[in-house]
Amino acid sequence: MICDFSFEYLKNLKKYNQSIKLLNSDNFAMTIAFFYFVFVANKHISIHHTALLNYLEDFLYDINQSYPDAFPKEAKSYLDDFVSEKNGYLKKYHGSDDEAMYELTPYTQKVFEIVESLDKKEFVGSRTKFNVIFELLEELEFETNLSDEERIQSLLQQKSEIDNQIAKIKNKSDLRFDESRIKEHFMLIVEQSRKLKYDFSQIEYNFKELNQKAMEEIASSYESKESVLGSIFDVEDTIRESDQGKSFFAFWQLLSDPVKNEKLSQMLENLYKIETIQEYDEDKSLQNLKYELLLNADKITKVSSKLIEQLRRFIDDRVWVENKKILELCKSIEKGALQIKENPPKTRSFTQLDDTKVNINSVFDKSLYSVKQKTEFTSELRSDVVDVDLEDFYDIFFVDEEELHKHINYFLQTQPQCTLQEIIQKFPIKKGISELVAYLSIAKNSSDARVDLKNRVTISIEDEEGISKVVKIPTIIFTRAT
């Protein structure tokens, strides 16, 4: 996609874009220097209000020592400016402990990228960057334009080149990287990893916008549970099926792969065994790259998990509302009965209603009371069976998660893993969507469960009223604890 450089677009960009507004602000130097110190140098992804305020007070004190009265206001006042609706340099929200939390917005992250791009580098690795471009073009051509015969020929050529390289290594004629190429590769790795972390902020922001729409729909909806649930799953599909979503979740799958994860750790450890890189990067800026990527990516995956949480809350709230309506209806019937108590019907047939299909069971239709036989217990075994009426127990609506755990363990006792689909086939769902959401909650809160967001399955269930429903959910895999 080519950027728009028209006069109208650039004029509006300067006026409304928050990144450019930050670049043009009077406190640009102090603001960016402080944000870099907290969120980049000290590697905070999010930070509590008290800690950030202490950082800012110390930071302003140091500046005012060198530039007297450069920033005369209190630190709290500048912090309020950072999060104001006019500026929006920081995002403010309440954490789990009710203390305010702060994190950078994508627009502020973009300013870091702009400033870094303006830095004059002593050494520019154009050769390595060209090789990356060439490899990307080559891979794109291989996967799209070439026929099967041409692809096979290309792989055979690569095989021949690899064989030649092996022969050179055996003959001691293979030339390893010199210091120049080592620095080129390292600089490109640093640049791409930094951009990747900046991209995470924008991806999270985009996902949160879609998630916010789903939450607003839940809050304002008066439709049936089925309609709202369908729209929520549609929003989740939109997130995952978008180009950005497919790319991110493919990255997350790679990062979560045990083999690649271990390989990445080993390569990062070996990176700083290279003498040239030890001298070039004394601070070891990439040493914790895997951990930083995991922290940033985990924030994005939690956006999707919030959909499940909102879904369960919606169902609980809707059940409560429906029960309240039933109670109100019962109260209105009682009130009506009291009103006609003093003025009972005069006609003999007063229980018939015209043009309805409602069956009214009068109290007089019930049989008279009969004395129940007292059950006597004896030590003798009897062959006859006494029928016990348990119908009232089935009217109690309750999802027993312990029972669901037993269903899961039933499979894990004989096999290392099982899918939710297998469990439901063996133990059909009897309490509708709420029971399915309970399974999802168990998977979300268990470290031994995996949610395959890429592959989705369709499950047919029946609710407590016997109405059939079809739900499309991600593949849930439960694994045996190790």
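On a predicted model such as this, the values are computed, not experimentally measured, just so you know.

## Here we look at the overall build of the protein
Link 1 in the chain: Scanning the protein from N- to C-terminus turns up 17 helices and six strands.
Link 2 in the chain: Of the accessible surface of the protein, which amounts to about 35200 Å², a share of 53% is contributed by carbon and sulfur atoms.

## Remarks on the confidence of the model for the protein
Link 1 in the chain: Taken as a whole, the protein shows an average pLDDT of 77; of its residues, 76% reach a score of 70 or greater.
Link 2 in the chain: Contacts from residues 381–386, a stretch scored under 50 in pLDDT, to residues over four places away or in other chains number zero contacts.

## Side note on the sheet that holds strand 5 (residues 449–462)
Link 1 in the chain: Strand order in the open sheet made by the three strands is 4-6-5, with antiparallel pairing throughout. The two strands at the open ends of the sheet, each matched to only one other strand, are strand 4 (417–419) and strand 5. If you compare each strand with its neighbour and ignore which way they point, the axes differ by 25° on average.
Link 2 in the chain: Strands in contact with helix 15 (residues 401–412) are strand 4 and strand 6 (468–479); relative to strand 4, the strand with the most contacts, it is inclined by about 130°.
Link 3 in the chain: Across the sheet, helix 17 (residues 432–444) lies against strand 5 and strand 6, angled at about 20° from strand 6, the strand it touches most.

## Considering the sheet that holds strand 3 (residues 100–104)
Strand pairing in a sheet relies on backbone hydrogen bonds. The paired strands run either parallel or antiparallel.
Link 1 in the chain: A sheet is described by the order of its strands in space; here three strands give the open sequence 1-3-2, paired in antiparallel fashion. Edge positions in the sheet fall to strand 1 (47–48) and strand 2 (90–94), since each of these pairs with one other strand and no more.
Link 2 in the chain: Here strand 1 runs beside strand 3; their pairing, made up of two bridges, is antiparallel. Bridge pairing links I47 to Y102 in strand 3.
Link 3 in the chain: Contacts from helix 3 (residues 28–41) reach strand 1, strand 2 and strand 3, with the element oriented near 100° to strand 3.

## Details of the packing of aromatic side chains
Link 1 in the chain: Scanning all chains against the criterion turns up 13 aromatic pairs.
Link 2 in the chain: Judged by centre distance (6.0 Å) and plane angle (90°), the rings of F186 and Y280 are edge-to-face. Highlighted residues: F186 in helix 9 (residues 179–220) and Y280 in helix 13 (residues 275–280), separated in sequence by 94 residues.
Link 3 in the chain: Under the relative-accessibility criterion, Y280 is labelled partly exposed at 40%.
Link 4 in the chain: An aromatic cluster is built from F34, F35, F37, F39, Y55, F59 and F82, whose rings are joined through pairwise contacts.
Link 5 in the chain: Lying over the aromatic face of Y78, K73 brings its terminal NZ or CZ to 4.8 Å of the ring centre.
Link 6 in the chain: If you follow K91 out to its NZ or CZ, it ends over the ring of Y93, 5.4 Å from the centre.

## Thoughts on the pairing of strand 3
Link 1 in the chain: Burial analysis of strand 3 places five of its five residues in the buried class, the great majority of the element.
Link 2 in the chain: Of the two faces of strand 3, the one lined by A100, Y102 and L104 and the one lined by M101 and E103 are each fully buried.
Link 3 in the chain: As judged from the five bridges shared by strand 2 and strand 3, these two strands associate in the antiparallel manner. The residue bridging Y93 from the neighbouring strand is M101, located in strand 3.

## Quick notes on the pairing of strand 6
Link 1 in the chain: Here strand 4 runs beside strand 6; their pairing, made up of three bridges, is antiparallel. If you follow C418 over to strand 6, its bridge partner there is F478.
Link 2 in the chain: Taken together, the eleven bridges between strand 5 and strand 6 define a ladder with antiparallel strand orientation. Among the inter-strand pairings, A449 is bridged to a residue of strand 6, identified as F478.

## Some points on helix 4 (residues 49–66)
Link 1 in the chain: Here helix 4 is 18 residues long and its end C-alpha atoms lie 26 Å apart, about the 26 Å a rise of 1.5 Å per residue gives.
Link 2 in the chain: By the burial criterion, the buried members of helix 4 are H49, L52, L53, L56, F59, L60 and I63. Summarising the axial view, the buried residues of helix 4 lie within an arc of 130°, below the 170-degree limit, and thus occupy one face. Structural note: helix 4 exposes Y61 and Q65 on the side pointing more than 90 degrees away from its buried face.

## A few points about unusual backbone geometry
Link 1 in the chain: For D69, which is not glycine, the phi dihedral falls at a positive 60°.
Link 2 in the chain: With respect to the element layout, D69 can be found in the loop between helix 4 and helix 5 (75–83).
Link 3 in the chain: Taking the relative accessible area as the measure of exposure, D69 reaches 65% and is therefore exposed.

## Digging into the side chain of D452
Link 1 in the chain: With respect to the secondary-structure elements, D452 resides in strand 5.
Link 2 in the chain: For the buried D452, which has no salt bridge, the nearest side chain bearing the opposite charge is R450, at an N-O separation of 4.6 Å.
Link 3 in the chain: Polar contacts involving the side chain of D452 include one to the side chain of N455, which spans 2.8 Å.
Link 4 in the chain: With sequence-adjacent residues up to four places away left out, D452 is seen in contact with P474 and T475.

Calculation criteria
All chains use their own residue numbering, which begins from 1 and follows the written sequence. pLDDT decides what is reported in this predicted model: residues at 70 or higher carry local features, side-chain atom pairs at 80 or more are listed and counted, and totals for whole chains, interfaces and linings draw on all residues regardless. With hydrogens and water stripped out, all remaining heavy atoms of the structure feed into the side-chain values. Secondary structure elements follow DSSP: runs of H or I of four or more residues count as helices, runs of E of two or more count as strands, with numbering from the N terminus. We get accessible surface area from the Shrake-Rupley algorithm with a probe of 1.4 Å; when it comes to residues, only the shown protein chains can shield them. For every residue, the predictor assigns a confidence score, pLDDT, that lies between 0 and 100. For this analysis, residues touch if any pair of their heavy atoms sits within 4.5 Å. A pair of strands is considered paired only if DSSP assigns at least 2 bridges between the two. For helices, the fitted line uses only the C-alpha atoms of the stretch in contact; every axis is such a line through C-alpha atoms, and the angle between N-to-C directions lies from 0 to 180 degrees. In summary, the pairing rule links any two rings of Phe, Tyr or Trp, Trp by its six-membered ring, whose centres are within 6.5 Å, and it sorts them by plane angle into stacked for under 30 degrees, edge-to-face for over 60 and tilted for everything else. Think of it in three bands: residues with accessible area under 20% of the maximum for their type are buried, residues over 50% are exposed, and the middle band is partly exposed, with areas taken using a 1.4 Å probe on protein chains only. For a lysine, the NZ atom is tested; for an arginine, the CZ atom; a charge sits over a ring if that atom is within 6 Å of the ring centre and within 35 degrees of the ring normal. Each residue after the first adds 1.5 Å to the expected span of a helix. Think of the arc as the fan of directions from the helix axis to the C-beta atoms. His residues and chain termini do not enter the charge count, which takes Lys and Arg as positive and Asp and Glu as negative. Should a side-chain nitrogen of Lys or Arg be within 4 Å of a carboxyl oxygen of Asp or Glu, the pair is scored as a salt bridge. Polar contacts here mean pairs of N or O atoms no more than 3.5 Å apart (in protein, one a potential hydrogen donor and the other a potential acceptor; neighbouring residues in sequence count only if both atoms are side-chain atoms).

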